[in-house]
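This is what each chain is made of:
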Amino acid sequence: MSRRRYIVAYDIRDPKRLRKVHSTMKAFGYALQYSVFICDLDRSEKLRLREALDKVIHHTADSVVLVDLGDPHVRGVECFEFMAQVPLLPRSGARIV
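Scope of this entry: the structure provided in the associated data block. Source: prediction; values computed, not measured.

**Things to note about the pairing of strand β1 (residues 4-11)**
Side chains on a regular strand alternate between the two faces of the sheet.
Reasoning step 1: Relative to strand β3 (residues 36-41), β1 runs antiparallel, the two being bridged by six bridges. Counterpart to Tyr 6 in the pairing with β3 is Cys 39.
Reasoning step 2: Both β1 and strand β4 (residues 63-70) contribute to a ladder of seven bridges, which runs antiparallel. Among the inter-strand pairings, Val 8 is bridged to a residue of β4, identified as Leu 66.

**Details of the packing of helix α1 (residues 15-26) against helix α2 (residues 43-54)**
Helix packing geometry: the angle between the two helix axes and the distance between the axes.
Reasoning step 1: Closest axis-to-axis distance for the α1/α2 pair is 10 Å, and the angle between their directions is 165°. On the basis of the axis angle, α1 is roughly antiparallel to α2. Remark: the crossing between α1 and α2 carries right-handed chirality. For the pair α1 and α2, contact is made by Val 21, Thr 24 and Met 25 and by Leu 49, Ala 52 and Leu 53, respectively.
Reasoning step 2: For the contact of α1 with α2, the class distribution of residues is five nonpolar, one polar and no charged.

**Some details on the environment of Tyr 30**
Reasoning step 1: Within the element layout of this structure, Tyr 30 appears in strand β2 (residues 30-33).
Reasoning step 2: A relative accessible area of 28% places Tyr 30 in the partly exposed class.
Reasoning step 3: Sequence-wise, Tyr 30 and Val 8 are 22 residues apart; in three dimensions their C-alpha atoms are separated by 9.9 Å.

**What about the packing of aromatic side chains?**
Reasoning step 1: Following the criterion strictly, the structure yields one aromatic pair and no others.
Reasoning step 2: Ring geometry for Tyr 10 against Phe 37: centres 6.3 Å apart, planes inclined by 25°, an arrangement best described as stacked. Residue Tyr 10 is found in strand β1, and its partner Phe 37 is found in strand β3; the two are separated by 27 residues along the sequence. Accessibility assignment for this pair places Tyr 10 and Phe 37 in one class, buried.

About the thresholds
Residues numbered from 1 in each chain as written. Predicted model: local features only at pLDDT ≥ 70, side-chain atom pairs only at ≥ 80, totals over all residues. Heavy atoms only, no water. Pairing = 2+ DSSP bridges. Helix = DSSP H or I, 4+ residues; strand = E, 2+ residues; numbered from the N terminus. Axes fitted to C-alpha atoms, helices over the stretch in contact; angles between N-to-C directions. Parallel < 35°, antiparallel > 145°, perpendicular 65-115°, else oblique. Left-handed = near helix turned anticlockwise from the far one by under 90°. Contact = heavy atoms within 4.5 Å. Nonpolar A, V, L, I, M, F, W, Y, C, P; charged D, E, K, R; others polar. Buried < 20%, exposed > 50% of the residue type's maximum accessible area, 1.4 Å probe, protein only. Phe/Tyr/Trp six-rings, centres within 6.5 Å; stacked < 30°, edge-to-face > 60°.

Here it is as structure tokens:
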């Protein structure tokens, strides 16, 4: 299965749920900022991520967005533009724990 690079960003209204979402996200990707992650996922990993988040978030109060950036080897790094501090971006590969 081919991997796709996703930006996952979230806005969680409750501090307890926020910590749970952040902990869940650390198992699937790399923190770019506190509530923004880079995840290289195949279809089944993306489904597992969505299922894990579905169990934690409050569907009428919270928000999670997944943005497909494409193949990590092609567009997964070049599509980022930073101002100020530039974090190291993963070049490719999974980080599913």
